[in-house]
Amino acid sequence: MTILDRIPESLFRLFSIVVITVLLLMIIFPLYFMATTAFKFEGEIYSELTWIPRDPTLSNFRDAIFSFDIPTYLRNTLIVAFSTTLIVVTISMLAAYALTRLRFPGRALMARGVLFVYLIPGSLLLIPMYLTIVRLGLKDTYPGLIVANLSFSVPFCTWLMMGYLRSISVEIEEASLIDGCTRLRSLWHIVIPLSVPGLITAAIFIFNGVWNEYIFALIIAQDTAHRMISVGLSNFYRSDYYMMGPMMAGALIAMTPVVVLYILAQRYVVSGLAAGAVKG
Amino acid sequence: MSQQTLSQPVVSPRSAPKKGRSLFAGDVVLGWLLVAPALIVVLGMVGYPFLEAIRISFTDRMIGRGPGRWVGLANYEYILGWPDFSEMVVRTVAFAIIAVILKTVVGLILATALNQSFRGRNFLRGVFMLPWILPTYIIVLVWRWIFDGQTGLLNQILVSWGVLGENYPFLARPGSAVAILIFVLVWKGYPFYALTFLAGMQTISSELYDAAKVDGAGRLGRFLYVTLPGLRQVMGVVILLSTIWTMNSLEIPLLLTGGGPSSATEVFPLLTYHLAMQNFRLGEGAALPIMMLPLIALLVVAVASYMDKEATQ
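Residues numbered from 1 in each chain as written. Chains lettered and ligands numbered in written order. Predicted model: local features only at pLDDT ≥ 70, side-chain atom pairs only at ≥ 80, totals over all residues. Heavy atoms only, no water.

**Q** Would you take a moment to explain the overall build of chain A for this structure?
**A** The secondary structure content of chain A amounts to 14 helices and zero strands. Ordering the α and β elements of chain A from the N terminus gives α-α-α-α-α-α-α-α-α-α-α-α-α-α. Over its C-alpha atoms chain A spans a radius of gyration of 24 Å, topping by over 25% the 19 Å that the globule rule assigns to 280 residues. By its C-alpha atoms, chain A is 75 × 70 × 35 Å across when sized along the principal axes. Within chain A, buried positions represent 57% of all 280 residues. Within chain A, counting contacts between residues at least 6 apart in sequence, those at least 24 apart form 72% of the total. With an accessible surface of roughly 11800 Å², chain A has 69% of that area assigned to carbon and sulfur atoms. (Helix = DSSP H or I, 4+ residues; strand = E, 2+ residues; numbered from the N terminus. Rg over C-alpha atoms; globule rule 2.2 N^0.38 Å. Buried < 20%, exposed > 50% of the residue type's maximum accessible area, 1.4 Å probe, protein only. Contact = heavy atoms within 4.5 Å. Areas by Shrake-Rupley, 256 points an atom, 1.4 Å probe, with all protein chains shown as cover.)

**Q** Please explain helix α10 (residues 219-248) of chain B as it appears in this structure.
**A** Helix length check: α10 of chain B (30 residues) gives 37 Å between terminal C-alpha atoms against 44 Å at 1.5 Å per residue, more than 12% under. Most pronounced at R232 of chain B, the bend in α10 of chain B amounts to some 55°. (Expected span 1.5 Å × (residues − 1). Bend = angle between axes of the 7 residues up to and from the residue.)

**Q** Teacher, can you tell me more about the domain arrangement of chain A here?
**A** Often, the extent of an interface is quoted as the loss of accessible area upon association of its parts. As far as domains go, chain A holds domain 1 (8-60) and domain 2 (69-235). Computed over C-alpha atoms only, the centres of domain 1 of chain A and domain 2 of chain A are separated by 36 Å. (Domains from an automatic or database assignment.)

**Q** Teacher, can you tell me more about the interface of chain B and chain A here?
**A** Taken together, the contact pairs 113 residues of chain B with 111 residues of chain A. Summing both sides of the interface, chain B and chain A together bury roughly 10100 Å²; the carbon and sulfur share of this comes to 77%. Viewed at the interface, chain A and chain B are joined by two salt bridges. Scanning the region where chain B abuts chain A turns up nine residue pairs in polar contact (both at pLDDT 80 or more). (Buried area = accessible area lost by both parts, 1.4 Å probe. Salt bridge = Lys/Arg side-chain N within 4 Å of Asp/Glu carboxyl O. Polar contact = N/O pair within 3.5 Å; in protein donor to acceptor, adjacent residues only side chain to side chain.)

**Q** What is the right way to read empty space enclosed by the protein from this model?
**A** To locate leftover empty space, one rolls a probe as large as a water molecule over the atoms. Residues and elements named next belong to chain B. Enumeration according to the criterion identifies four cavities of 30 Å³ or more in this entry. When its volume is computed, the second largest cavity comes out at roughly 70 Å³. Around the second largest cavity, the lining residues are T92, F95, A96, L181, L185, T246, M247, S249, P253 and V267. Counting residues per element, the ones that place at least two in the lining of the second largest cavity are α3 (85-114), α8 (174-201) and α10. Looking at the lining of the second largest cavity residue by residue, the class counts come to seven nonpolar, three polar and no charged. (1 Å grid on protein atoms, 1.4 Å probe; cavity = no way out; pocket = protein on both sides within 12 Å on 5 of 7 lines; lining within 4 Å. Points joined across faces, edges and corners; volume = space filled by probe spheres on them. Nonpolar A, V, L, I, M, F, W, Y, C, P; charged D, E, K, R; others polar.)

Dropping the structure here:
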């Protein structure tokens, strides 16, 4: 027991309020300026600090959309993110089912290995992966981007689904098997319907991951026609002169799908967090 | 997909399993079949590149110059010969450890503050998740602009308030660049810690807290003797995994500082990227992360033994 134990409850509440407020301001500060800058004219952005746009304009959005190919990048990102999510969730669900429910030699080793694949440094795989993609003729193509994104998504999603499958009861499944149902029928008619919440969680994480991915996108798709939104927007900054207005407008456009998805599916995201299987 | 619920029996009772055959008889073939696609992806896109990286590290391969010649350990010797190699390793590890400690502390404080019932708690929890769900590249670009030496927001604010006489090049000074890199790593990472810890805190039985109260434990006592032990497993896993991920992090240093000023923030993933994608020296670029593997393997073994220990308890 220390003197600190005698801190009155009201002081603790005050402390909580201060902590939450300070951290909240630190989160909102950059996002607020990103949002307001998107509506400012260039002159205002660099000349002086204004908390509210003096003369709100949509010209940055117009530039982002019509002068900087943002729609093309968004389309590319959407195609790659959707395809990757579909493939990853399918492949991983099958693997997770086998690794948690079936008994076969090699299972224990693979079940353990899944997590450790996910701990291999990405920078180690960067060079050989780049060379492989080039050799397969997949550089600057959608399949190249999809294949590269599979690498870490499949082990991650398998791990997530294994956790989910372990948490749902096996009794109905076992009953169906005793009744003579085959494994595949039981998987299709019982396990998959029961796993829908887990599958949605996994799909959100994978989609979000691909949408936000930058490194693979940077080394694999360098041409404008297949460029991903992450590379497209970062190129604004990598060039010599600044275009903060269009860039912030582009950033707002690029993060909208992620935020909308998150608001719609917050429940699933939180449940995925509780499963503890998320990169952070 | 068929919408089946528990109330609708989906399996018509058919013949019982054949006598003398276990329920798991067909599992071997089916198991491998179902795992096969995932296994092919992992072997093809992780396993093969991994071995390829080792092979390339023994060659002098460069981009656009064919397969390269076998040079033995030359790349490793070359890297070990750098005067600032050990400095780079220390820097990588130190940044990761400092960032993880800060993320843990801030995460714990926030989780404790959020672990009370008040109005708007769910909304707040949602807002606190923003740094973690938003694209890293956007977060980093915004912070980089805020800290920019010429037109940066922080300079505008500090100068207009009279704190600074003139603009300060935050990202062009080693000390402040390092601080900013760690700040952004923490800013992006602590919400995940907080929300995981919060989820863990909510599984701790309230009876334990009541018992501690009866024993005369105050806020701090309950935190030290109930909350922390209750969170041990969650914290252990999160901290170990996050240390590895923070050490491997390439995107944030690449976009925020690019390793500068004068390699003050050059961590090993970034150096790998620079060797390979800017200098086109693939052999050396492959050798560097391989040299860091023992360190990461050590952490991985720690994760594995920790999880095993916790699982058997």
